[in-house]
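Breakdown of the fold
Here is what each chain is made of, one letter per residue.
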Amino acid sequence: MKPATTIQALALTLLALALPAAGQTTWFVSNDPGENPDFPSIAAAVASPMVVDGDTLLVSEGVGPYQGQIVIQQFLTITAEMGEGPVVVPGGLGVPFRCFQIPPGAGGIHVEGIRFVGNPQSYGISGSSSVNGLLVDRCAFEGFDIGFVGSTATIRDCEFINNRVAMTGVLLSERCTAVVSTPIPNAQFLGSVREVVECTFSGPSRVASIGSLNDPLLFIRCRFIDVNVPTGESAFTAPPFDTGFALDSCLFSGVTSTAPMFDMNRSSVTFRNCTVVNCSVPVFVRVAPFPPGEITVRNTIIRDNDFPVLFQGPVDVAHSILSVGTFPGPGVLVTDPLFADPANGDYSLQRGSPAVDAGDSAAVPPDITTDLPGNPRFIDDPIMPDTGVGPPPIVDIGAFEFQPPGPGFCQADLTTGAIPGLPGYGVPNGIVNNDDFFYYLTLFSGELGRRRPRLHPLPSPPDLTTTAIPGTPGYGVLNGIINNDDFFYYPQPLRRRLLTASTVPPSHAGSAAFLGANNPLQSSRHVPRPCGSEQGRAPPLLPSLPLPLPPSARPSARAPKVVAHSLARRARWGGSDMWHGCGSAQCSVDSFRVSRWHYRWTV
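Quick notes on the rules
Residues numbered from 1 in each chain as written. Predicted model: local features only at pLDDT ≥ 70, side-chain atom pairs only at ≥ 80, totals over all residues. Heavy atoms only, no water. Core = buried A, V, L, I, M, F, W, Y, C linked by side-chain atoms within 4.5 Å. Buried < 20%, exposed > 50% of the residue type's maximum accessible area, 1.4 Å probe, protein only. Contact = heavy atoms within 4.5 Å. pLDDT = per-residue confidence, 0-100. Helix = DSSP H or I, 4+ residues; strand = E, 2+ residues; numbered from the N terminus. Phe/Tyr/Trp six-rings, centres within 6.5 Å; stacked < 30°, edge-to-face > 60°. Salt bridge = Lys/Arg side-chain N within 4 Å of Asp/Glu carboxyl O. Polar contact = N/O pair within 3.5 Å; in protein donor to acceptor, adjacent residues only side chain to side chain.

1. Quick word on the nonpolar core
Grouped together as the largest cluster of nonpolar side chains are 84 residues, with contacts concentrated most on Phe219 and Phe224. Sequence-distant contacts of Phe219, defined by excluding residues within four places in its chain, comprise Leu190, Val196, Phe201, Val207, Ala208, Phe224, Phe236, Phe245, Ala246, Leu247, Asp248 and Cys250. Counting residues in each nonpolar core, the second largest holds 20 residues, with Val432, Tyr439, Tyr440 and Ala468 among its members.

Following this line, the structure appears as structure tokens:
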């Protein structure tokens, strides 16, 4: 397999070799006589002896489409006039009709900003297999039998709409979209393509059925969204003994089929840092049960799908998160990956996800440096334990790398308001006050006893720490569960924010200063401090402030049961933003009083 950078460099080198030194003239083309063009059509310009290798045709939108069936011998740049969208349609004799045809021995073309609109018997651009230097930028191909067919071509930032085949004979396809809105017989997004980068595919069509005989068909940071494969067809197929497919940082969501999603015969498929969700097929990957075909899965999330059979054939799985199944590979988890907002299609990771810092860094190819949306790979979350393999920072599992908050992040800032359903609920606002405490208490009490940590780890918040004792291993490190440790840990960053403006004597440094009657904030109304302000800024790691707890209040192995009275009625204590203590050690033992509203727990 050639690295992505190698293939991209090869494509650009071939294009440069095909560019002759002669010719530097720009010719204006328009079918609107009022624009005083040099040529009334693209065909007339190409046929003119004045237009030579290296020239540019600047094409106006004109008064309507330009007729195609144009054979181009010269190396030309054909580009749309700025701000306009000229259209080219097939024309002339011959089946299939072609908009542009590049014959053997021609220098190739660079086409930019042109919209090609065809019919089921036509091609958009057709280039001979012997032609080098085909580059297509920011073009659209709609309604063709084949949108683009060529050899050693580079296609960038193009749109393919309702074509039976979007492209074939392509060295590199980058940042393209291919959409089929209505069923087309034998529809297939890709034919013979070497590398597909940051492309999106959607609609009732197969994805690819022809691999390369020398290298795998490589997909990098691609999205396959709501691909409804025609009945009886597989989304990906490969012939026997082919090199198959390799997929890095790709997302599969809503892919459906009545056949295996990947039907590899005796070829291989490799998944690295992919996320597969909400798909429905009878078999995810099928490989013939004898060499050389194999299924390799690394750093991949396969979750919440309808797969009666996950893998069929030789399989090697490691450092991945699955919904079901037992596989002998290291680092394989059957658990909730804690997606950020799966109901709305956001499959990035919440803080506290078991996928964070849990992958195998050695499985990531050296040229893969970004995740699906383009964020850096290998980003460490300092409050997550490193459960993966490799030197830190360790790669995450899945297509999305978790991006921890930057400098100035305040972990105590959780919400704008504490009343559910109102604007700002659960949205940090840069201020720490009573609303944040009440919001955390709601999360804490609502999650107690609801989940089994192995199958359903908790995000952060409410998970904040492994232990509440400063200076001990696990202090400030997430563990996916909540108990007394998290409850007693949260007041520390909150206390840091609230007490920043006051001079706190050493005797008030512990929990008594936070809850007791000597709290200096009792005597005056507290003005909430900006979270992350220059004074008292909370760093990404929570401060290890001393917080000695009375023996009876130290966290027990049993999570507290919190009974909250009238929580939604009031998110301010005693009508003011200040702490009120009950004035006795009983605050720390079995209850504390917040103005007239009481919170009680058993330890």
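2. Here we look at the confidence of the model for the protein
Model confidence for the protein is summarised by a mean pLDDT of 78, while 73% of its residues fall at 70 or above. Throughout residues 14-22 the model reports pLDDT below 50, and contacts reaching past four residues in sequence, or to other chains, amount to 17 contacts. When the criterion is pLDDT under 50, residues 499-527 qualifies, and its contacts beyond four places in sequence or with other chains add up to 56 contacts.

3. Here's the deal with the environment of Thr387
Along the chain, the position of Thr387 falls in the loop between β37 (346-349) and β38 (431-432). Sequence-distant contacts of Thr387, that is, excluding residues within four places in its chain, are made with Asp357 and Ala358.

4. A look at the packing of aromatic side chains
Any pair of aromatic rings gets described here by the distance separating the centres and the angle formed by the planes. In this structure the tally under the stated criterion is 29 aromatic pairs. Centroid distance Phe487 to Phe488: 5.7 Å. Interplanar angle 90°. Geometry classified as edge-to-face. For the residue pair Phe487 and Phe488, the accessibility class agrees, reading buried in each case. Among the aromatic side chains, those forming a connected cluster through ring pairs are Phe189, Phe201, Phe219, Phe224, Phe236, Phe245, Phe252, Phe262, Phe271, Phe284, Phe307 and Phe311.

5. Regarding the pattern of salt bridges
Evaluation of the coordinates by the stated rule reveals 14 salt bridges. The salt bridge partner of Arg206 is Glu233, with a shortest N-O separation of 3.9 Å. Pair noted here: Arg206 is in strand β20 (residues 206-208) and Glu233 is in the loop between β22 (223-227) and β23 (236-237), with a separation of 27 residues, a long-range link. Bridged by salt links that share partners, the residues Asp157, Glu174 and Arg175 form one connected network.

6. A look at the environment of Ser151
Locating Ser151 in the fold gives a position in strand β13 (residues 146-156). By relative accessible area, which is 16% here, Ser151 ends up buried. Here the alpha-carbon distance between Ser151 and Ser192, two residues 41 residues apart in the chain, equals 9.1 Å.

7. Quick notes on the side chain of Arg377
When you line up the elements, Arg377 lands in the loop between β37 and β38. On the basis of relative accessibility, which here comes to 4%, the residue Arg377 falls in the buried class. There is a polar contact of 2.9 Å between the side chain of Arg377 and the backbone oxygen of Gly398. Side chain to side chain, Arg377 and Glu401 meet in a polar contact 2.9 Å long. When residues no more than four places from it in sequence are discounted, the contact partners of Arg377 are Ser249, Asn273, Thr369, Thr370, Asp371, Val395, Asp396, Gly398, Ala399, Phe400 and Glu401.

8. Here we look at the side chain of Gln74
As for its position among the elements, Gln74 is in the loop between β4 (70-71) and β5 (76-80). Assessed through its relative accessible area of 11%, Gln74 is described here as buried. In terms of polar contacts, Gln74 uses its side chain to reach the backbone carbonyl oxygen of Val46, at 3.0 Å. Side-chain polar atoms of Gln74 contact the backbone oxygen of Val51, separated by 3.2 Å. When neighbours within four sequence positions are excluded, Gln74 is seen to be in contact with Val46, Ser48, Val51, Val52, Asp53, Gly108 and Ile109.

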